Structures are given as C-alpha cells and as structure tokens.
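Notes for the structure review
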Amino acid sequence: MMVVVLPSLALALLSLLPAGAEVPVQPDFDTEKFAGMWHVAAVASNCSVFLKMKDGMKSSITVVSFMPEGDLALKLIWPLADKCQKFELLFQRSGQAGHYTAAQEMRDLRVMETDYSGYAIVQEFKRSGEEPHSALQLLTREQDASPQLLQKFKELVPTMGLTQDMVAILPRSDQCTKDIR
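Residues numbered from 1 in each chain as written. Predicted model: local features only at pLDDT ≥ 70, side-chain atom pairs only at ≥ 80, totals over all residues. Heavy atoms only, no water.

**Quick look at unusual backbone geometry**
- Positive phi outside glycine occurs at Asp-28, with the angle close to 50°.
- Structurally, Asp-28 is set in the loop between helix H1 (5-13) and helix H2 (31-34).
- Accessibility expressed as a relative area gives 75% for Asp-28, which makes it exposed. (Helix = DSSP H or I, 4+ residues; strand = E, 2+ residues; numbered from the N terminus. Buried < 20%, exposed > 50% of the residue type's maximum accessible area, 1.4 Å probe, protein only.)

This is the structure in structure tokens:
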C-alpha cells in the first residue's frame, strides 16, 4: 500500500462485510451535505496489508465530491513516514443514494450512517483477488473523534464480521493538510 501497496490499503480501508450480507445505508442520503473534507479517525479491516501497517498509520484525509450524474469521487491523502501519498477513486452510484460500486475493482461502498456535520461510518467490500476484503471507517469532520463515537464504531465492528484486533484508532496528523487542494 505504500506505492503499489498504498492504493490496495485505501481500497481495503474503504472495504467490509461477509459476501451477501446486507449492509444498511443512511436513509435519505444527501450528497450535498456529505461532500467535503473528512478525517479518517478509525478503521477496521481484515485486509492483510492493513493489518501489517495499522500500528504505524496516522489519520488521513478524504475529500468527497459528487459528479453531476451522482457518482462519488474520493481524493485520499495518506501521511507516510517521509511524504504524503495521494490518489483518487471513483465509484458509480448504484440504485440507492449512499450506495456506490466500482465494477472494475469489484468494490461496494456504503455510507451506513452520518450526521453530515460531525461523523460518518462508511463500509466497503472488495471482492477481487484471492480473498475478499472488508473495511469499516469512522470519518469525522474534525480530526479528533469523541470517545462516544469511537465506542459506537467499536460496537459496529463485530456486526460487520470483523474483530477488535482488526481496529486501528488513528492518531491525529497535520502532516498532509497543506496537500488537500
């Protein structure tokens, strides 16, 4: 996930759930309210690359925008030891607002819950490769997540087929804030 591995990590970080499981989507999802900058405050994933790297990770930045046809564009900025790694992902809107897919990568992304102004919980499941990967992310508008939000996130982890040892609470980092635009 660093150079070649980092994109896989991002995909895994945006991935989660056993195949065929039904994941809820935020009712009446509002793309205008959801767009903008988010901090990745916590992640749970069964991706082997993530599990190897999680202890050294820091909070990253995700900038969400929506295309006129409703597709979801993500700009991801990950702080590494000596630089900021940037890349972009595009998801097509499925039949339901808040549910997006990337057919070529066999990824499924869902905004499970959000209050738009403070936090969001996002789930992604990636089916390609030898093993499917799942990830659950806690996104926050401010870098620091409250203990209540972290607890809520941790309580969701087992319901998504993940375990607590797959969780990383990411320490804040201002390393890449100048690279947002």
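**Some thoughts on the pairing of strand S2 (residues 60-66)**
- Across the seven residues of S2, five count as buried, placing the element largely inside the fold.
- As judged from the five bridges shared by strand S1 (residues 36-45) and S2, these two strands associate in the antiparallel manner. Pairing of Val-40 across the sheet is with Ser-60, part of S2.
- The antiparallel pairing of S2 with strand S3 (residues 72-79) creates a hairpin that spans five residues between the two strands, and Gly-70 there sits at a positive phi of about 100°. (Pairing = 2+ DSSP bridges.)

**Considerations on the environment of Ile-61**
- You can see Ile-61 is positioned in strand S2.
- You can call Ile-61 buried: its relative accessible area is 3%.
- Residues Ile-61 and Lys-86, spaced 25 residues apart in sequence, show a C-alpha to C-alpha distance of 9.6 Å.

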